[in-house]
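Chain by chain, the residues:
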Amino acid sequence: MNIRKAADRLGLLFVGLVLVSPAVLFFLWMISLSLKFEVDNAAYPPILIPERFAWKNYTGVFESNRFGLFFLNSLIVTGSATGLALLIGVPAGYGIARMKATKAAVVVLIARMTPGLSYLIPLFLLFQWLGLMGTLLPQIIAHLVITVPIVIWIMIGYFETTPLELEEAAVIDGANRWDVFRHIALPIAKPGITVAFILAVIFSWNNFVFGVVLAGRETRTLPVAVYNMLSFEQLSWGPLAAAALIVTLPVLILTIVAQRQIVAGLTAGAVKGS
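These figures come from a predicted structure and were not determined experimentally.

Draft legend 1. Inspection of the overall build of the protein at higher detail. From N to C terminus, the protein includes 14 helices and zero strands. Sequence-ordered secondary structure for the protein, helices as α and strands as β, is α-α-α-α-α-α-α-α-α-α-α-α-α-α. The buried share of the protein, taken over its 274 residues, is 35%. For the protein, the proportion of contacts with a sequence separation of at least 24, taken over those separated by at least 6, is 75%. Looking at the protein as shown, the accessible area adds up to about 16500 Å², and 71% of this sits on carbon and sulfur atoms.

Set out below in structure tokens:
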């Protein structure tokens, strides 16, 4: 039996390595590109670990391209879109779950699956008519198209698996629906809210399509700033890879720090519902 368990673990480990290895190799190659001079990046056969590191690729990102402004724009857009999504999505998910509003849940699912490009042209025309182009507000509102369905869908699934006994007891004691939601449902749903928060941050931070269309020169976010580093005359892989890694770093750190909360949030509902 022990041999069989060991074989199962080895098999599971092998499958995990096979699934993860492409992403790991891609990430390592990006790090290699960011630390090499252009001569080494163009070398054949390719060089993974260079003899000398081009740290100027990273310092150049902060010194040029107005990185500080674009980083602040990303923080404002992502923070505002995520905060508003939680403010709207958590109560909406609770209401849909408790009322068993299947049709509303289907609408949320359709909104989640619909590509962002479907909303882009109407939103662009609306913001242009309102005279909001050139500000951060269009991007914040546009990002709600992404973040709100994510939060609502996650919270529906979480609230559907949480026990109703505590809520029913509070109602018997005279609590209204708002008190039940604020004092009982929200504390129980903290793991689910954490997962919804992290996923909303990731999708909003990495969004490129809305930024490249709705942003002006002063309101670009980091993904758009990295894209603007591309040129037809010359493509510098080192600075480009360094900028891409810097953009990815905040989300990567957030995921690593909150990985326990993510696992707890994804599994808590199944444990409580069993």
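Draft legend 2. Just helix 7 (residues 137-160), in detail. Here helix 7 spans 34 Å end to end across 24 residues, near enough to the 34 Å set by a 1.5 Å rise per residue. Considering bend angle alone, the principal kink of helix 7 is centred on Val 145 and spans about 35 degrees; proline Pro 149 follows within four residues of it.

Draft legend 3. Representation of the nonpolar core within the structure. Ranked by size, the top nonpolar core spans 35 residues in total, and within it Val 90, Val 151, Met 155 and Phe 159 carry the most contacts. Those elements that provide at least two residues to this core are helix 4 (67-99), helix 5 (102-113), helix 6 (117-130), helix 7, helix 9 (177-188), helix 10 (190-205) and helix 11 (209-214). Sorting elements by how many residues they give to this core places helix 7 first, with 12 residues. In this structure, Val 90 is in contact with Ala 85, Val 151, Met 155, Phe 159, Phe 181, Leu 186 and Ile 193, ignoring residues within four places of it in sequence. Residues Phe 70, Leu 222, Ala 225 and Leu 240 belong to the second largest nonpolar core, which totals 13 residues.

Draft legend 4. Seen up close, the side chain of Thr 78. Residue placement: Thr 78 occurs in helix 4. In this view, Thr 78 contacts Val 201, Ser 204 and Trp 205; residues no more than four positions away in its chain are not counted.

Draft legend 5. Molecular detail of the packing of aromatic side chains. Counting across every chain of the model gives four aromatic pairs. When the centroid spacing of 5.8 Å and the interplanar angle of 75 degrees are considered together, the rings of Phe 71 and Trp 205 count as edge-to-face. A residue pair is termed long-range when its members are at least 10 positions apart, and Phe 71 in helix 4 and Trp 205 in helix 10 qualify at 134 residues. Judged by its relative accessible area of 5%, Trp 205 falls in the buried class. Centroid distance Tyr 94 to Phe 181: 5.0 Å. Interplanar angle 50 degrees. Geometry classified as tilted. Of this pair, Tyr 94 sits in helix 4 while Phe 181 is found in helix 9, placing the two residues 87 residues apart along the sequence. In this pair, the class of Tyr 94 matches that of Phe 181, namely buried. Connected via pairs of aromatic rings, a cluster forms that spans Tyr 94, Phe 159, Trp 178 and Phe 181.

Draft legend 6. Quick look at helix 9. The terminal C-alpha atoms of helix 9 lie 15 Å apart, and with 12 residues this matches the ideal 16 Å at 1.5 Å per residue to within 8%. Structurally, helix 9 contributes buried residues whose contacts are with helix 4, helix 7 and helix 8 (165-172).

Draft legend 7. Fine view of a nonpolar patch on the surface. Together, Phe 27, Leu 249, Leu 252, Ile 253, Ile 256 and Val 257 make up a nonpolar patch on the protein surface, roughly 520 Å² of accessible area in all. With five residues, helix 13 (residues 237-257) is the largest single contributor of residues to the nonpolar patch. With respect to the secondary-structure elements, Val 257 resides in helix 13.

Draft legend 8. Here's a closer look at the packing of helix 10 against helix 13. At a minimum axis separation of 11 Å, helix 10 and helix 13 run at an interaxial angle of 170 degrees. Regarding the angle of helix 10 to helix 13, the classification is roughly antiparallel. Between helix 10 and helix 13, the contacting residues are Ile 198, Val 201, Ile 202 and Trp 205 on the first element and Val 247, Pro 250, Val 251, Leu 254 and Thr 255 on the second. In the contact of helix 10 with helix 13, the residues fall into eight nonpolar, one polar and no charged.

Draft legend 9. A look at the packing of helix 4 against helix 9. In contact at an axis separation of 12 Å, helix 4 and helix 9 are set at 105 degrees when each is read in the N-to-C sense. Classed by the angle they form, the pair helix 4 and helix 9 counts as roughly perpendicular. Contacts between helix 4 and helix 9 involve Val 90, Pro 91 and Tyr 94 from the former and Arg 177, Val 180, Phe 181, Ala 185 and Leu 186 from the latter. When grouped by side-chain class, the residues that make up the contact of helix 4 with helix 9 number seven nonpolar, no polar and one charged.

Here is what the cut-offs are and how they apply
Residues numbered from 1 in each chain as written. Predicted model: local features only at pLDDT ≥ 70, side-chain atom pairs only at ≥ 80, totals over all residues. Heavy atoms only, no water. Helix = DSSP H or I, 4+ residues; strand = E, 2+ residues; numbered from the N terminus. Buried < 20%, exposed > 50% of the residue type's maximum accessible area, 1.4 Å probe, protein only. Contact = heavy atoms within 4.5 Å. Areas by Shrake-Rupley, 256 points an atom, 1.4 Å probe, with all protein chains shown as cover. Expected span 1.5 Å × (residues − 1). Bend = angle between axes of the 7 residues up to and from the residue. Core = buried A, V, L, I, M, F, W, Y, C linked by side-chain atoms within 4.5 Å. Phe/Tyr/Trp six-rings, centres within 6.5 Å; stacked < 30°, edge-to-face > 60°. Patch = residues over 30% accessible without salt bridge, like charges linked within 9 Å, V, L, I, M, F, W, Y side chains within 5 Å. Salt bridge = Lys/Arg side-chain N within 4 Å of Asp/Glu carboxyl O. Axes fitted to C-alpha atoms, helices over the stretch in contact; angles between N-to-C directions. Parallel < 35°, antiparallel > 145°, perpendicular 65-115°, else oblique. Nonpolar A, V, L, I, M, F, W, Y, C, P; charged D, E, K, R; others polar.

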